[in-house]
Amino acid sequence: MGKQGLERRSFLKVLSAGAAALLGLWPRNRGQASDHEGVSEHSWVMVIDQDRCIGCGYCTLACQAHNDAPPNIQWNRVIKAGKVGDSDIYLPRPCMHCDHAPCVSVCPVKASYKRADGIVMMDYDRCIGCRYCEVACPYGARAFNWDEFVGENPLVPEWGIPEVPRRPRGVVEKCSFCYHRIDRGLAVGLKPGEAISATPACVVVCPVSARVFGDFNDPDCQVTRLLAANPYYRLREDMGTRPRVYYLPARRAETW
Amino acid sequence: METTGRSVQRPSLLVGWIGLLSVVILAGVVAGGIVFKEGLKVTNLTDLVPWGLWITLDLSSIALAAGAFSLCAAVYLIGLKEFAPVARTATFIGFIGYSMAMLCLLMDIGRPDRFWHGFVFWNPHSVLWEVTMCVGLYFSVLTLEVLPIIGRTKWMYRAFPWVAERLTGLHHYAPILAMFGLGLSLLHQSSLGGTYGVLQARPAWYRPNLSVLFVYSAVIGGIALTIFVSMLAARLTTRARVDDSLLERLSYFLGWALLGYLYFRFWDTLAMTYTYQPGRTEALQVLTRGSLAINFWVGEILLGMIFPVFVLLRSSLRNNPFMRMLALGAIVLGVVAYRWDTTMLGQLVVLTYLPNEIVARYTSYVPSLVEIVSSAGVVAYGLLAVTVGVRFLGVVDHRAEAEHAEAPLEREAHSMRPEIAGAD
């Protein structure tokens, strides 16, 4: 029994040593999942005015063309959301780019991550296709590539020219706020939200200007002014996800 | 081998069984090949129900492998030394269970070529990352625990005495391995429930109970499967020897543990009935009177809990081998039913996100033929591996001396390390 007791004590020592070793291995500098990676002077948000949206679905098509998404994957869906008076109300739904994004927290390999400017990114080279993010997203914003997208994109070139590579079979994809347009625009001194080529394709194509994109850190930006002057809401605010897509609710049919 | 003719009680039964399993495995390999070639479009999974039969089989395999860590902890940490030979059986079953789970996951992830990403690209925030790391590490622990079993075989001693000695020597570290195994298993067995439990977007899952229920049911199911396999093997072949007093005591313990499980599961379900919560209330209806109702009431509650509690807590029924095996098999089925119900529950009811209209919508999922056949292949692989273990590795040998001395072998293999024979 004495020998056994001694052994047990040494096991406990091994256990604490092992735990300490594991803690030492813990990657400290990678930041928490909900932390923003790096620093940025920008904070991108999108405002969607439901009073203006007519449900034409151009945003969906332009998005699919510019991002070269297959016909069965819509990053940007337009949903019928009831009526005000006699007119139908629509709810266009891109990725919410939540500040507390469940998809970022649950991704086992950090293939989903948050940029300092607020954009929730997908690293298609890292994604293992486990689909946990799909299960975790409350907005259904994510789509899995069940099959490989081969052949021509039927929406090209009518609705736009692809600006990003196609995603391989077996990874999850979603709306990226057209980060490539923002980054390329900023690189040549354009202002996203104002300059067409630096603004998300869905915002540019909208025929009734229901979508506005801009920098929430810029007090003169249109999104900042709109949100200061109008009542707005975000989807499932009760969940604490803090989406970056703001909706201006439809008020009365005659206001339009 | 000169012993072959003598020891196989019913060679035709064994050959037939292995033949049957081989056919199913072959079909499973073909189905798996289709999955890897064609991708996951051959499944009936969708963006709304992205997890299905494979995940259920993965969760069930891991749950039913939990006998390994529970019994090893009982033997090496609590000090119930007499159960050491049963722990050996459980360890082998656990090893097979985890390999089954990994086969399922390999098919289930969209990019099987990137299975290693979890070990390299860490997201410590993700429950699934923690599960990946723990399963990977624990599989290594199980491998180290199983190697002495292979090292002890007569064949190994004949062919590679030096290797056999080294492998057998690993048994010296069994207590340390048991300790790591306990830690890793408690972490990921509960985290598998947590994987579902942390998702606020899925009200049917979003509660802390799932972690507790997962680890609790895994311990019960894992021990039940270990006893069941031991008893079945002992009835089919002279290669397997059991000490029924050990198995009877374990079964009695299971009876009481099941009562506790019934209590927790009851409150887990009842708590969901209080007030209307969109999604959760609808899911509860799916569970209790919808498409999962038979699975829940018959599979989980009646067969999985009430019947085995009744059998295992009554001395007369428990000591009837047939009734006891029936009860143990029912427990195993109940655990699998629980994993299926839980996996489906959070996905069959989906919440909308429209303002002022957060309502539940229903989805459906029935696995495709490819999913079913490939899963059957994985199960058949597990059964074949256990058969091989019983027949050739002597994993079901519960005689008192089997664990440490390995009496019949020691006489033939002269160079058994002294500390193995002496270690207690």
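Residues numbered from 1 in each chain as written. Chains lettered and ligands numbered in written order. Predicted model: local features only at pLDDT ≥ 70, side-chain atom pairs only at ≥ 80, totals over all residues.

J.: So what about the overall build of chain B? Which residues, and what values?
T.: Counting secondary structure elements, chain B contains 19 helices and 2 strands. What you see for chain B is a C-alpha radius of gyration of 22 Å, in line with the 22 Å of a compact globule of 424 residues. Its C-alpha atoms give chain B principal-axis dimensions of roughly 80 × 50 × 45 Å. In chain B, buried positions account for 52% of the 424 residues. The contacts of chain B with a sequence gap of at least 6 include a subset with a gap of at least 24, amounting to 76%. (Helix = DSSP H or I, 4+ residues; strand = E, 2+ residues; numbered from the N terminus. Rg over C-alpha atoms; globule rule 2.2 N^0.38 Å. Buried ≥ 20, exposed ≤ 12 C-beta atoms within 10 Å, placed from the backbone. Contact = placed C-beta atoms within 7 Å.)

J.: Could you give an account of the interface of chain B and chain A, with specific residues and numbers?
T.: Taken residue by residue, the interface counts 34 residues in chain B and 44 residues in chain A. The leading source of residues in the side of chain B that touches chain A is helix α7 (residues 127–151) of chain B, at 4 residues.

J.: Would you mind going over the nonpolar core in detail, with residue names and values included?
T.: All names here are of chain B. Ranked by internal contacts, the top residues of the largest apolar core, which has 198 residues, are L71, I220, A224 and I331. For this core, the element with the highest residue contribution is helix α11 (residues 209–236), accounting for 17 residues. Once residues lying within four places of it in the same chain are set aside, the contact partners of L71 are F83, V86, A87, A90, I223 and T226. (Core = buried A, V, L, I, M, F, W, Y, C linked by C-beta atoms within 7 Å.)

J.: Account for the environment of C134(B), naming residues and giving values.
T.: Residue and element names in this part refer to chain B. Relative to the helices and strands, C134 resides in helix α7. The partly exposed category is assigned to C134, around which 19 C-beta atoms lie within 10 Å. Each C-alpha atom, one on C134 and one on L186, is 9.5 Å from the other, the two residues being 52 residues apart in sequence. If we skip the residues at most four places from it in the chain, C134 touches L184, L187 and H188.

J.: Describe the environment of R115(A), naming the residues involved and giving the relevant values.
T.: Here R115(A) lies in the loop between β4 (112–114) and β5 (120–122). With 75 residues separating them along the chain, R115(A) and S40(A) place their C-alpha atoms 8.4 Å apart.

J.: Before we move on, could you go through the sheet that holds strand β1 (residues 44–49) of chain A and cite the residues and values that matter?
T.: Residue and element names in this part refer to chain A. Taken in spatial order, the 3 strands of this open sheet run β8-β1-β9, and their pairing is mixed. The open sheet has two edge strands with one neighbour each: β8 (211–215) and β9 (245–248). The sheet shows a mean angle of 20° between the axes of neighbouring strands, taken without regard to direction. (Pairing = 2+ DSSP bridges. Axes fitted to C-alpha atoms, helices over the stretch in contact; angles between N-to-C directions.)

J.: Before we move on, can you summarise helix α10 (residues 174–197) of chain B with the specific residues and values?
T.: Residue and element names in this part refer to chain B. Taking 1.5 Å of rise per residue, 24 residues should cover 34 Å, and α10 covers 33 Å from first to last C-alpha, within 8% of that figure. Bending of α10 peaks at approximately 30° at the position of S191. For α10, the buried fraction is high: 19 of the 24 residues fall into the buried class. (Expected span 1.5 Å × (residues − 1). Bend = angle between axes of the 7 residues up to and from the residue.)

J.: How would you explain the pairing of strand β3 (residues 87–93) of chain A if you had to name every residue and give the values?
T.: Residue and element names in this part refer to chain A. With 5 of 7 residues buried, β3 is to be regarded as a mostly interior element. Strand direction decides the pairing type here: strand β2 (residues 77–84) and β3, joined by 6 bridges, are antiparallel. Paired with K83 across the strands is D88, a residue of β3. Hairpin connection, β2 to β3: the antiparallel pair is bridged by 2 residues, and G85 has positive phi, about 65°.

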